[in-house]
Amino acid sequence: MTEVITVLKDWFKIRKGLKGSLGFVPTMGALHKGHKSLFEKSVEENEFTVASVFVNPTQFNNPNDLQKYPKTFEQDLEMLNEINVDFLIFPEYETLYPDNYVYKVTETDYSTILEGEHRHGHFDGVLTVVMKLLNIVNADKAYFGEKDFQQYKLIEGMTKAFFMKTEIISCPTIREEDGLAFSSRNVRLTEAKRKQAPLFFKLLKSNKTPEQIINELTENGFKVDYITDVNKRRYGAVYLGNVRLIDNVEL
Ligand code: PAF
């Protein structure tokens, strides 16, 4: 049974008693097969695995997106139980932000492009909460999906810059059969938009130029934030209706 922890003092006591390697998978809940692959890798590689579920308000630049973010605690817990995740840290905002976010972690280079350019303050929120969680959990390894490749790289860079001891592990993007990357936001797509969605990945991995891809997506009802090549990787962010999807492929 996954033990649910809401009080940090309880976790610190448990952590002290754990003998053996600890893997950590931070999430915002609404767990899907992408998360499942991270838990499975951690369970395979470590004696103990801890997950966290916290919808982190400081990384949402759009209040509507935060409000609509799916919350599926019971189902999440069921998945964690099935995969034998030992612990779930499920904190309140006040627990993680005793300072009410007057302290933050900022990266000033790679975080200013792609997602950072289109979602102001997003990576400050991500890096700040991940630093807090890594410090709290004190894991040997932490697992992040490559769907959010820029996020993974920034977190890895942060742990090196601040001499943090948790090793950051990246895991491949998990996709639906039609190619759409699993994301907690997919459930918000209407049936019609869900049918359109796979075109995003199909074009991203095609031989077309970013300009051609932007034109084709726009013609097919997508609103494109960006399709950009950086360091042999193609990144994209689009809106289908009011749902924002991101993805990336290696070139
Ligand atoms: O990728 C996510 O789900 C979030 O950005 C993370 C890493 C859990 C931080 O809130």
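The rules behind these values
- Residues numbered from 1 in each chain as written.
- Predicted model: local features only at pLDDT ≥ 70, side-chain atom pairs only at ≥ 80, totals over all residues.
- Heavy atoms only, no water.
- Helix = DSSP H or I, 4+ residues; strand = E, 2+ residues; numbered from the N terminus.
- Buried < 20%, exposed > 50% of the residue type's maximum accessible area, 1.4 Å probe, protein only.
- Contact = heavy atoms within 4.5 Å.
- Areas by Shrake-Rupley, 256 points an atom, 1.4 Å probe, with all protein chains shown as cover.
- Lys, Arg positive; Asp, Glu negative; His and termini not counted.
- Charge placed at Lys NZ, Arg CZ, Asp CG, Glu CD.
- Pairing = 2+ DSSP bridges.
- Axes fitted to C-alpha atoms, helices over the stretch in contact; angles between N-to-C directions.
- Near = heavy atom within 4 Å.
- Polar contact = N/O pair within 3.5 Å; in protein donor to acceptor, adjacent residues only side chain to side chain.
- Nonpolar A, V, L, I, M, F, W, Y, C, P; charged D, E, K, R; others polar.
- 1 Å grid on protein atoms, 1.4 Å probe; cavity = no way out; pocket = protein on both sides within 12 Å on 5 of 7 lines; lining within 4 Å.
- Points joined across faces, edges and corners; volume = space filled by probe spheres on them.

Looking at the overall build of the protein chain
Point 1. Tallying secondary structure elements over the protein chain gives 11 helices and nine strands in all.
Point 2. Along the first, second and third principal axes, the C-alpha set of the protein chain runs to 55 × 40 × 30 Å.
Point 3. For the protein chain, buried positions account for 52% of its 251 residues.
Point 4. Taking the intrachain contacts of the protein chain between residues at least 6 apart in sequence as the baseline, contacts between residues at least 24 apart amount to 70%.
Point 5. As displayed, the protein chain offers around 12700 Å² of accessible surface, 51% of which is attributable to carbon and sulfur atoms.
Point 6. Taken as two groups, the 32 positive and 36 negative side-chain charges of the protein chain have centres that lie 1 Å from each other.

Brief notes about the sheet that holds strand 6 (residues 167-171)
Point 1. Strand order across the open sheet formed by six strands is 1-4-3-2-5-6, with parallel pairing between neighbours. The open sheet terminates on both sides in strands that have one partner only, identified here as strand 1 (3-5) and strand 6. The average undirected angle you get between the axes of adjacent strands in this sheet is 25°.
Point 2. Across three bridges, the pairing between strand 1 and strand 4 (residues 87-89) is parallel. Counted as the bridge partner of Val4 is Leu88 from strand 4.
Point 3. Running over the sheet, helix 1 (residues 8-17) touches strand 1, strand 2 (22-27), strand 3 (48-53) and strand 4 and is turned about 130° from strand 1.
Point 4. Here helix 4 (residues 73-82) sits on the sheet and contacts strand 1, strand 3 and strand 4; the angle it forms with strand 4, its principal contact strand, is near 150°.

Examining the pairing of strand 8 (residues 233-240)
Point 1. For strand 8, a buried count of seven out of eight residues is recorded, marking the element as mostly surrounded by other parts of the structure.
Point 2. Here strand 7 (residues 223-230) runs beside strand 8; their pairing, made up of seven bridges, is antiparallel. Considered in strand 8, the bridge of Val230 is made with Arg233.
Point 3. Hairpin connection, strand 7 to strand 8: the antiparallel pair is bridged by two residues, and Asn231 has positive phi, about 45°.
Point 4. Where strand 8 lies against strand 9 (residues 243-250), eight bridges are found, and the strand directions are antiparallel. Looking at strand 9, one finds that Ala237 is bridged to Ile246.
Point 5. Count of turn residues in the strand 8/strand 9 antiparallel hairpin: two residues, of which Gly241 carries a positive phi of about 65°.

Considering the site of the ligand
Point 1. Around the ligand, the neighbouring residues are Pro26, Thr27, Met28, Asn56, Gln59, Val129, Val130, Phe144 and Gln151.
Point 2. Within the contact set of the ligand, an oxygen atom lies 2.6 Å away from a side-chain nitrogen or oxygen of Gln59.
Point 3. Coverage of the ligand by the protein chains reaches 88% of its 290 Å² of free accessible surface.
Point 4. Only strand 2 and helix 7 (122-137) provide two or more residues apiece to the shell around the ligand.
Point 5. Split by residue class, the shell around the ligand holds five nonpolar, four polar and no charged.

Notes on the layout of surface pockets
Point 1. Here the second largest pocket is characterised by a volume of approximately 240 Å³.
Point 2. Taken together, 14 residues make up the lining of the second largest pocket; nearest its centre are Ala30, Leu31, His32, Gln75 and Val187.

Examining the environment of Lys104
Point 1. The residue Lys104 is located in the loop between helix 5 (93-96) and helix 6 (115-118) in this model.
Point 2. On the basis of relative accessibility, which here comes to 45%, the residue Lys104 falls in the partly exposed class.
Point 3. As for Lys104 and Val243, which are separated by 139 residues in sequence, their C-alpha atoms are 28 Å apart.
Point 4. Ignoring any residue separated from it by four or fewer positions in sequence, one finds Lys104 in contact with Asp124 and Thr128.

Details of unusual backbone geometry
Both trends apply: most residues other than glycine have a negative phi, and most peptide bonds are in trans.
Point 1. Positive phi, normally seen in glycine, also occurs at Asn100, with a value near 55°.
Point 2. Take Asn100: it is sitting in the loop between helix 5 and helix 6.
Point 3. Positioned with a positive phi, Tyr101 is a non-glycine residue whose angle comes to about 65°.
Point 4. Here Tyr101 lies in the loop between helix 5 and helix 6.
Point 5. For Tyr101, a relative accessible area of 16% gives the class buried.

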